[in-house]
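Below, each chain spelled out in residue letters.
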Amino acid sequence: MSTNPPRAWQRMLSGRRLDILDPSPLDVEIEDIAHGLARVARWNGQTVGVLPFNVAQHSVIVLDMCVQMKPNWPREWRLAALLHDAPEYVIGDMISPFKALLGGNYKDVEKRLEQAIHLRFGLPADLPAEVHRHIKRADRACAYFEATQLAGFSVEEAKKFFPVPTKVDPLTIDILSTEESQRLYLERFEELCS
């Protein structure tokens, strides 16, 4: 029987080996993030239509909503909004009820990945509380529109779980392809970093 610990790294298409338990910012590449997020389905794929609604497109919408709510928001916090679900390029998107059941270990892994991603792109490892709250408000607003347009929730049911968005324009979601989402995500990243 082997006494070696189990492999804890993921090989990325860039060639990087990202240690999931102890991630290094040096092993994080935006191309890997965009590629992975464009292939991760929101709502565990339980959405209407031919194409799954992916995390890359969701992340761009959340960024746009953050800017709608705070038009003069600094570039670094806009970047944080775009990257708000970036750990999911490694660990996938789990629905909130399941995350709550998994608890501490899952949250610890997710947090370490988030910190490495933030450091890689010049953000503080831990975002200021107000920045985190603002991104979360936009994230939940986006989830409301996703729930009612894509995930089969009635408006009444969605209101029980997601606050009705009040500080963003009404949104009609047109699901993009994997390739379109990946390209859009990278374009937004370049705009924020140029």
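Refer to the preceding data block for the structure.
This report concerns the structure included in the present document. All values reported here derive from a predicted model rather than from experimental measurement.

### Quick word on unusual backbone geometry
Point 1. Of note in this structure, W43 is not a glycine but carries a positive phi near 60°.
Point 2. You can see W43 is positioned in the loop between α1 (30–37) and α2 (55–69).
Point 3. The exposure class of W43 is buried, given its relative accessible area of 17%.
Point 4. Positive phi, normally seen in glycine, also occurs at N44, with a value near 55°.
Point 5. Structurally, the position occupied by N44 is in the loop between α1 and α2.

### Some thoughts on the packing of aromatic side chains
Point 1. Scanning the entire structure with this criterion turns up 6 aromatic pairs.
Point 2. A ring pair is formed by W43 and F162, whose centres lie 6.0 Å apart and whose planes are at 75°; its orientation type is edge-to-face. On the criterion of sequence distance, the pair formed by W43 in the loop between α1 and α2 and F162 in the loop between α8 (155–161) and α9 (178–193) is long-range, its members being 119 residues apart.
Point 3. Accessibility expressed as a relative area gives 13% for F162, which makes it buried.
Point 4. In textbook terms, an aromatic cluster arises when at least three aromatic residues are bridged by ring pairs, as seen for W43, F153, F161 and F162.
Point 5. Directly above the ring of W9 sits R17, whose terminal nitrogen or CZ lies 4.1 Å from the centroid.

Criteria and thresholds
Residues numbered from 1 in each chain as written. Predicted model: local features only at pLDDT ≥ 70, side-chain atom pairs only at ≥ 80, totals over all residues. Heavy atoms only, no water. Helix = DSSP H or I, 4+ residues; strand = E, 2+ residues; numbered from the N terminus. Buried < 20%, exposed > 50% of the residue type's maximum accessible area, 1.4 Å probe, protein only. Phe/Tyr/Trp six-rings, centres within 6.5 Å; stacked < 30°, edge-to-face > 60°. Lys NZ or Arg CZ within 6 Å of the ring centre and 35° of its normal.

Any functional reading would require information beyond the geometric quantities listed.
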